[in-house]
Amino acid sequence: MYIAVVGLSHKTASVEIREKLSVPEPQLKDAITQLTSYSQIREVAILSTCNRLEIYVVTETTEKGIWEIIQFLVEHSQLSSPILRPHLSILLHNDAVMHLMRVAAGLDSLVLGEGQILAQIKTTHKLGQQYNGIKTILNRLFKQAITAGKRVRTETSIGMGAVSISSAAVELAHMKMANLTSCQITILGAGKMSRLLVKHLISKGISNICVLNRSLKRAEDLAKQFSEHSIRIGTLAEILSVITESDVVFTSTSSTEPILERSNLEPIICNSRGLMLFDISVPRNVHSNVNELDNIKAFNVDDLKAVVAENQESRRQMVQEAERLLEEEVNAFDMWWRSLETVSTISCLRHKIETIREQELEKALSRLGSEFGDKQQEVIEALTRGIVNKILHDPMVELRAQKDVNTRRTCMQALQVLFNLDVGTV
């Protein structure tokens, strides 16, 4: 078995490519089902965010397994292999393990040290288990990565003051608009990113904010979190009428198709009024053709890189400290991975010893006769189990702990010979 990850990110692909690879949550179950149906793939987890799409797998063979993943991506994205391949990165085993650790720690994010990615990895883990993609190996890997992400955030300062995608979008708007505080701001969407947008806008002294969402209830819930401020709310049915009154629009919805494009904006935007659109969604909520309109300027997540670079340079020196912690977590996973080789021998030994224990206990109880009641039998049962467990404990721990492959295999062979174990039968 091998671990591999195939994917792309803001480092390797533009938002135009990334949005074609995005796997929205409603499609996740079907995607996992399709991938696990392939001949080489035994486990799969799909991490899909605005800045990356990564497929983690446990595969029988690396070459064929990776080919199956790429075929899935070609079919899913409707991009030909020659167009898609240059944007893909492929990492195997230790490199794949370290990559997930770095992602969980926020070291591979557009915004260095950002915390949202850890929550997204937790969701990937949860849904991967729910849809039967994640089993023993990826379960351990994702748990180790989540532990690594938490350690980096608690044991280093890399997350302190870290900007988010939302705060970077607000900073970019502040750079582009001469007087942002006097602008009428509209936010499309009422999820976590939108909540952060409101938070950062308020911190800039902006009070003219309107939030539109498909569900009015969710918009109301967001507004309640900022009850001391007068945030207008509405549904996306009001989108065009509200935009006519707006100077700046931020979009952060889960729509898989653009909701703003030239055809619906051109009739409502007069030549004398300018409009700035900041789209932090992937897939994009704003079609690129809006830039054909003279009085509209549209920006997407890829335009945030300059803002992010200014804010994160001071934290780069903390990366080395974080990566030392990640090395410890990678080593811990590697030790567990190597110990899997010993499972069959340990299981066979335990099964044989347990069989002997049960047989000898049955003989002893039959000789003791009926004067022994259930209580006494339970005590003797617990006694014999405790003796067996204590005898087996040290050999099992030492066998798993052997880092040298040849030493570990020599120990396994010795156990198999000394106890006459038939490993293939258990």
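Bear in mind the structure is a predicted one, so any value in this text is a computation, not a measurement.

Colleague: How do you make sense of the pairing of strand β2 (residues 41-48) when you look at a structure like this?
Modeller: Taking burial as the measure, the 8 residues of β2 include 6 buried ones, the bulk of the element. In this structure, β2 lies alongside strand β3 (residues 52-59), joined through 7 bridges in antiparallel fashion. Within β3, the position partnered with isoleucine 46 by the bridge is isoleucine 55. What sits between the antiparallel neighbours β2 and β3 is a turn of 3 residues.

Colleague: How should the pairing of strand β1 (residues 2-9) be read in this particular structure?
Modeller: On a regular strand, each side chain points to the face opposite its neighbour's, so the side chains alternate between the two faces of the sheet. Among the 8 residues that make up β1, 7 are buried, leaving the element largely enclosed by the rest of the structure. Pairing analysis gives 8 bridges linking β1 to β3, with the strands arranged antiparallel. If you follow valine 6 over to β3, its bridge partner there is isoleucine 55. Summarising the sheet, β1 and strand β4 (residues 89-92) pair through 4 bridges and their orientation is antiparallel.

Colleague: Honestly, the layout of surface pockets in this entry has me stumped. Any pointers?
Modeller: Any empty space left between atoms is shown by rolling a water-sized probe over those atoms. Within this model, the largest pocket holds a volume of roughly 1,100 Å³. Lining the largest pocket we find 34 residues, and of these Glu25, Ser48, Gln120, Thr253 and Ser254 sit closest to its centre. For the lining of the largest pocket, the elements supplying multiple residues, two or more each, are α2 (25-36), β2, α6 (116-130) and α9 (192-203). Among the elements that take part in the lining of the largest pocket, α6 stands out by supplying 6 residues, more than any other. Grouping the amino acids of the lining of the largest pocket by side-chain chemistry returns 15 nonpolar, 15 polar and 4 charged. When residues of the lining of the largest pocket are assigned to domains, at least three map to each of domain 1 (2-162) and domain 2 (165-308). Approximately 280 Å³ is the volume found for the second largest pocket. If you go around the second largest pocket, you meet 13 residues; those closest to its centre are Glu19, Lys20, Thr256, Glu257 and Pro283. The residue makeup of the lining of the second largest pocket, split by class, is 3 nonpolar, 6 polar and 4 charged.

Colleague: Mind showing me how you'd approach the UniProt feature "active site" (unreviewed entry) in the chain here?
Modeller: Under the feature "active site" (unreviewed entry), the UniProt entry names Cys50. Secondary-structure assignment places cysteine 50 in the loop between β2 and β3. With residues near it in sequence (within four places) discarded, cysteine 50 still touches Arg18, Ile280 and Val282.

Colleague: Whenever I open this one, empty space enclosed by the protein confuses me. Can you help?
Modeller: Evaluation of the coordinates by the stated rule reveals 4 cavities of 30 Å³ or more. In this structure, the largest cavity spans a volume of roughly 120 Å³. Lining the largest cavity, in full, are Thr49, Cys50, Asn51, Arg52, Ser109, Leu110, Glu114, Gln116, Ile117, Gln120, Ile165 and Met193. A total of 3 residues in the lining of the largest cavity trace back to one element, the largest contributor, which is α6. Residue composition of the lining of the largest cavity, by class: 5 nonpolar, 5 polar and 2 charged.

Basis of the calculations
Residues numbered from 1 in each chain as written. Predicted model: local features only at pLDDT ≥ 70, side-chain atom pairs only at ≥ 80, totals over all residues. Heavy atoms only, no water. Buried < 20%, exposed > 50% of the residue type's maximum accessible area, 1.4 Å probe, protein only. Helix = DSSP H or I, 4+ residues; strand = E, 2+ residues; numbered from the N terminus. Pairing = 2+ DSSP bridges. 1 Å grid on protein atoms, 1.4 Å probe; cavity = no way out; pocket = protein on both sides within 12 Å on 5 of 7 lines; lining within 4 Å. Points joined across faces, edges and corners; volume = space filled by probe spheres on them. Nonpolar A, V, L, I, M, F, W, Y, C, P; charged D, E, K, R; others polar. Domains from an automatic or database assignment. UniProt positions renumbered as here; feature names shortened; annotations may be inferred. Contact = heavy atoms within 4.5 Å.

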